[in-house]
Amino acid sequence: SGDGGRRRHRQAVAALYGGGIANRWWAPPPAPPGPKHRHAAPPGPPGAGRANAAGGQATPGPIHATLSNQNKRSELSMHDFKERLRTGKTLIGPLVTLASPDVADILSRVGFDYLWIETEHGPMDLAHVQTAIQAVGGRCPTLVRIPAREEIWVKKALDTGCDGIIVPQVRSAEEARRIVEWGLYPPQGHRSVGVSRAHGYGMTFGEYVGSANKELTIVLQIENAEAVENIEAILSVEGIDALLVGPFDLSGSLGVLGETNHPRVLEAIETVRRACEAAGMPLGIFSADASTATNYLAQGFSLIAVSTDSFFLWRSARETLSALRNPSA
C-alpha cells in the first residue's frame, strides 16, 4: 500500500543516515569513491579515454594524463597550504581583480601557489568570487580578501568554498580576536552554520564542518599606523595563520600616500617584520612587481602577493606595442 511504501522509505532513510549530524541535518547518499577535497575537479566527459578491459576504467590519453597529474599535484598543495604557510615556505600569488572566471582560470594554470581573489576594491562581488573559484577547479588554493572586517563578509566568503580569507585594515587585538571567532566553528569560534558550496551544497556537510577549523587559513592585514603600534597585542591572538602588510594604505596612514619607500613606511614595515619574526608568525606583503617582491623575499617575507591581473594585462600589452613600434629601442 501507499502507507506501507512510505513507511519502508522512512525506515530505509533512517538506516542510511542514522546518528550524528545526519539526524540534525539533511544529507544525501554518500558520494562514490574519488577525490575527497572539496574543490576537486569533476571527472572528464564520456569518451575522454579508452575503457580499461581489466577494471572498466577509462584510460586517459597523453593530454588527459598530463592534466590529471597537474590536478593531483594541485590537490596535494591545497591540502598542505596551511602547513606550508606555517613552516615559512615561500608562497607566491597574484591578485584576481577582474570579474571574469576566465582570468581566474588562466592564472590558476600558471603555477602560482595561491590566488588572492579581491573584493575590497574593484567590481568583484561574492557571486563573482564563487564563479572564479569554480573556474579555478582545484588547481591552486584561493584566498578571498573580504570588503570589510565584518562578520557577514567572513561567513559569506568562507561559504563560497575558498581556502581562506584575507581581512583588511585590522588595527587591534580585539578586532583580530573577533575575526578569528567569526571564521571558526564552535567550540573554537562561533561561525554561523549554513549549507552552501563550501559544504558541497549539503553533500559533504559533515566532512566540511569537521575539517574547516583545521584547514582554513585566516590572514590579517597590517596596513595602518595604529596596527603597527598594536602589533605585539595582535600577535598574541590565537588562531591567526599569517599577517600581511599593505604598504600602500600604510603609507597613507603615515601621511605619505603612495611613497612606499619613504623612511617612515620602511620603519613601520620593519617593526612589523621584527615582531612577527620574534613571534614565529608567517608574514606576507603586497608588491606591485617581481623586483620589489624579490627584495621582500630577501627580508624574510614568505607570503608574497605580487601584482594583479590587470597589471599583467596592460604591462604585457604595452611592452608588445612598444616592441613593434620602436623595434630599435
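What counts and how
- Residues numbered from 1 in each chain as written.
- Predicted model: local features only at pLDDT ≥ 70, side-chain atom pairs only at ≥ 80, totals over all residues.
- Heavy atoms only, no water.
- Buried < 20%, exposed > 50% of the residue type's maximum accessible area, 1.4 Å probe, protein only.
- Helix = DSSP H or I, 4+ residues; strand = E, 2+ residues; numbered from the N terminus.
- Pairing = 2+ DSSP bridges.
- Right-handed = clockwise from strand over helix to strand, strands pointing away.
- Phe/Tyr/Trp six-rings, centres within 6.5 Å; stacked < 30°, edge-to-face > 60°.
- Axes fitted to C-alpha atoms, helices over the stretch in contact; angles between N-to-C directions.
- Left-handed = near helix turned anticlockwise from the far one by under 90°.
- Contact = heavy atoms within 4.5 Å.
- Nonpolar A, V, L, I, M, F, W, Y, C, P; charged D, E, K, R; others polar.

Enquirer: Hey, could you run me through the pairing of strand β5 (residues 142-145) in this one?
Expert: Two faces make up the sheet, and in a regular strand the side chains alternate between them. Here β5 shows no split at all, with Thr142 and Val144 on one side and Leu143 and Arg145 on the other all buried. With four bridges joining them, strand β4 (residues 115-118) and β5 adopt parallel strand pairing. Across the sheet, leucine 115 pairs through a bridge with threonine 142, a residue of β5. In this fold, β4 hands off to helix α6 (residues 126-136), which returns the chain to β5; that crossover is right-handed. The pairing of β5 with strand β6 (residues 164-167) spans three bridges and is classified as parallel. Paired with leucine 143 across the bridge in β6 is glycine 164. Handedness of the β-α-β unit built from β5, helix α7 (residues 151-158) and β6 comes out right-handed.

Enquirer: Got a minute to help me understand the packing of aromatic side chains in this structure?
Expert: In this description, a pair of aromatic rings is defined by centroid distance and the angle of the planes. Per the counting criterion, the structure on display carries six aromatic pairs. Where phenylalanine 311 meets tryptophan 314, the ring centres are 5.8 Å apart and the plane angle is 70°; that geometry is what we call edge-to-face. On the criterion of helical spacing, the pair formed by phenylalanine 311 and tryptophan 314 is a turn pair, its members being three residues apart in helix α15 (residues 309-325). According to the relative accessible area criterion, phenylalanine 311 is partly exposed, its value standing at 26%. In this structure tryptophan 314 comes out as partly exposed when scored by relative accessible area, which is 37%.

Enquirer: Explain the packing of helix α5 (residues 101-108) against α6 here, please?
Expert: Between two packed helices, both the angle of their axes relative to each other and the distance between the axes serve to describe the pair. Contact geometry of α5 with α6 gives a least axis separation of 8 Å together with a crossing angle of 35°. Two packed elements cross with a definite hand, and for α5 against α6 that hand is right-handed. In this structure, α5 contributes Pro101, Ala104, Asp105 and Ser108 to the contact, and α6 contributes Thr131, Ala132, Ala135 and Val136. Of the residues belonging to the contact of α5 with α6, the class tally is five nonpolar, two polar and one charged.

Enquirer: Before we go on, may I ask you to explain the pairing of β6 in this structure?
Expert: The alternating pattern of β6 places Gly164 and Ile166 on one face and Ile165 and Val167 on the opposite face, and all of these are buried. Sheet topology note: the β6/strand β7 (residues 217-222) ladder contains four bridges and is parallel. When the sheet's bridge partners are listed, isoleucine 166 is paired in β7 with valine 219.

Enquirer: How do you make sense of unusual backbone geometry when you look at a structure like this?
Expert: Looking along the chain, the bond that leaves proline 186 and enters proline 187 is cis, with omega of 10°. Along the polypeptide, proline 187 turns up in the loop between α8 (173-183) and α9 (205-215). Notably, glutamine 169 is not glycine yet its phi reads approximately 55°, a positive angle. Mapped onto the elements, glutamine 169 comes out in the loop between β6 and α8. In the Ramachandran plot, serine 307 falls in the positive-phi region, its phi being about 60° despite a non-glycine side chain.

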